Structure formats: C-alpha cells, structure tokens
Amino acid sequence: MEWKNEYSLGIQEIDDQHKALLRSFNKIKEAIRTEQAWSGTHFSILELREHALSHFAVEEAMMRLFGYPETEAHRESHKLFLAKLEDISNSSIRKSASTKMLASLQEWLTNHIVESDKDYAQFILAGATVVRSK
C-alpha cells in the first residue's frame with residue numbers, strides 16, 4: 001500500500017500518522033506473504049492496532065478542540081475499524097490471517113482518509129476556532 005498525494009490532508013502530523021498506518025499494513029502483508037509464523041503476523045496486527053488507537057485519539061481530540069460537528073459519527077467509524085481489526089487479530093491467533101482479510105480494512109482506511117478525514121481537515125483548515133471554556 002503506497003502513499004498517494006490524494007491522501008494528504010494538509011495537516012502534517014495527521015499525514016505522518018496516516019503514513020505510519022500504511023506502513024503497518026505493509027508490514028502485515030509482508031508477514032503473510034513470507035509465511036512468517038503466526039506470531040509474526042499477529043504481532044504486526046497488534047502494532048497496527050496500537051498505531052490506530054493512538055491516531056484515532058489524536059484525530060478525535062482535534063475534532064473536539066475545533067468543534068467539528070460530525071465528531072461522534074467519525075468516532076463511531078473508528079470503532080468499526082477497530083472491531084474489524086480485532087476480528088482479524090483473533091483469526092490470526094486461531095488460524096492465520098490472509099491478505100484477503102486485510103483488503104476490506106485497507107479499503108476502509110483509504111476511503112476514510114479521502115472522505116471523512118478530508119472533511120474534518122477542511123473544516124479545521126478553513127479557520128475553525130478552538131472551542132473555548134464557558
């Protein structure tokens with residue numbers, strides 16, 4: 001999975017985190033391709049999970065900070081990703097993961113970046129102000 005310019009949101013930290021997520025996917029795919037022991041694949045999946053948890057926390061904090069109106073829906077989509085990833089992780093323990101299993105998750109991620117993430121990034125970059133205490 002390669003980084004494409006269309007994935008860029010214009011927020012450096014988020015773009016860097018998205019690149020790290022893509023690298024994690026590539027690491028899992030390589031583990032599957034080279035038929036590493038189940039543990040190598042499983043631990044690569046856990047690494048992706050940790051990157052995703054951290055990244056989603058940053059995104060959701062930014063949305064709250066700038067008062068993005070679709071924060072809750074965005075947060076729910078993150079939960080769906082994590083649930084799918086959990087299914088793959090559990091499968092990697094019981095049997096093995098396959099690149100086919102990852103395909104829908106990769107598709108979700110790229111669609112999420114170019115659609116949902118672009119929306120909140122444009123909201124912020126258009127001049128959203130920080131939500132102030134009352």
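The notes below deal with the structure included here. Here the residue index of a chain counts from 1 through its sequence in written order. Note on the predicted model: pLDDT of at least 70 is required for a residue's local features to be given, and 80 or more for side-chain atom pairs to be given and counted; whole-chain, interface and lining totals, by contrast, use all residues. Hydrogens and waters are ignored; side-chain quantities use all the structure's heavy atoms.

### Side note on the overall build of the chain
A count of helices and strands for the chain gives four helices and zero strands. Every helix listed is a DSSP run of H or I at least four residues long, and every strand listed is a run of E at least two residues long, numbered separately from the N terminus. What you see in the chain, going N to C, is helices and strands ordered as α-α-α-α. Each principal axis of the C-alpha distribution contributes one length, and for the chain these read about 55 × 30 × 20 Å. For every residue, the accessible area obtained with a 1.4 Å probe (protein chains only) is divided by the maximum for its type, and the residue is called buried under 20%, exposed over 50%, and partly exposed between those limits. Counting over 134 residues, the chain shows a buried share of 40%. Across the chain, the fraction of contacts at a sequence separation of at least 24, relative to all contacts at a separation of at least 6, is 74%. The method behind every accessible area is Shrake-Rupley, applied with a 1.4 Å probe, and residues are considered shielded solely by the protein chains displayed. Accessible surface computed for the chain: about 7,700 Å², of which carbon and sulfur atoms make up 52%. Residues scored as charged are limited to Lys and Arg (positive) and Asp and Glu (negative), so that His and the chain ends carry no count. A single reference atom marks each charge: NZ on Lys, CZ on Arg, CG on Asp, CD on Glu. If you average the places of the 17 positive and of the 20 negative side-chain charges in the chain, the two averages end up 2 Å apart. Whether two residues are in contact is decided by their heavy atoms, any of which lying within 4.5 Å being enough.

### Some words on the packing of aromatic side chains
Centres within 6.5 Å make a pair out of two Phe, Tyr or Trp rings, where for Trp the six-membered ring is used; the pair is then stacked when the planes are under 30 degrees apart, edge-to-face when over 60, and tilted otherwise. Within the structure shown, the criterion is met by six aromatic pairs. Note on Tyr-68 and Phe-123: the rings are 5.4 Å apart at their centroids and 65° apart in plane angle, and the pair reads as edge-to-face. Of the two residues, Tyr-68 is situated in the loop between α2 (38–65) and α3 (71–94) and Phe-123 in helix α4 (residues 99–125); the sequence distance between them amounts to 55 residues. Using a relative accessible area of 10% as the deciding quantity, one classes Tyr-68 as buried. Note on Phe-123: relative accessible area 29%, which makes it partly exposed. An aromatic cluster is present here, built from Phe-56, Phe-81 and Trp-108 joined pairwise through their rings. Its end group placed over the ring of Trp-3, Lys-19 keeps NZ or CZ at 5.2 Å from the ring centre. Two conditions define a charge sitting above a ring: the NZ of Lys or the CZ of Arg must be within 6 Å of the ring centre, and it must be within 35 degrees of the ring normal.

### What about helix α1 (residues 12–33)?
Expected helix span is taken as 1.5 Å per residue step, with the number of steps being one fewer than the number of residues. The terminal C-alpha atoms of α1 lie 31 Å apart, and with 22 residues this matches the ideal 32 Å at 1.5 Å per residue to within 8%. Among the residues of α1, Ile-14, Asp-15, Gln-17, His-18, Ala-20, Leu-21, Leu-22, Ser-24, Phe-25, Ile-28, Ala-31 and Ile-32 are the ones counted as buried.

### With respect to the packing of α1 against α2
Each axis is a line fitted through C-alpha atoms, taken for helices only over the stretch in contact, and angles between the N-to-C directions span 0 to 180 degrees. Taken N-terminus to C-terminus, the directions of α1 and α2 make an angle of 165°; their axes are 9 Å apart at the nearest point. Taken together, the axis directions place α1 and α2 in an arrangement best described as roughly antiparallel. The two elements α1 and α2 cross, and the hand of that crossing is left-handed. On the side of α1, the interface is formed by Ile-14, Gln-17, His-18, Ala-20, Leu-21, Ser-24, Phe-25, Lys-27, Ile-28, Ala-31 and Ile-32, while α2 contributes Gly-40, Thr-41, Ser-44, Ile-45, Glu-47, Leu-48, His-51, Ala-52, His-55, Val-58, Glu-59 and Met-62. Each angle is binned into one of four classes, with values under 35 degrees roughly parallel, values over 145 roughly antiparallel, values of 65 to 115 roughly perpendicular, and all other values oblique. By the definition used in this description, the sense in which the near helix is turned from the far one sets the handedness, with an anticlockwise turn below a right angle giving left-handed and a clockwise turn giving right-handed.

### Brief notes about the pattern of salt bridges
Here, a salt bridge means any Lys or Arg side-chain nitrogen found within 4 Å of an Asp or Glu carboxyl oxygen. Counted by the stated rule, this structure contains seven salt bridges. For Arg-49, the salt bridge identified is with Glu-50, shortest N-O distance 3.2 Å. On the accessibility criterion, Glu-50 (46% relative accessible area) is partly exposed. With its nearest N and O atoms 3.3 Å apart, the salt bridge here joins Glu-76 to Lys-79. Of this pair, Glu-76 and Lys-79 both sit in helix α3, three residues apart, which is roughly one turn of that helix. Relative accessible area serves as the criterion here: at 40%, Lys-79 is assigned to the partly exposed category.

Read these as spatial facts, not as claims about activity.
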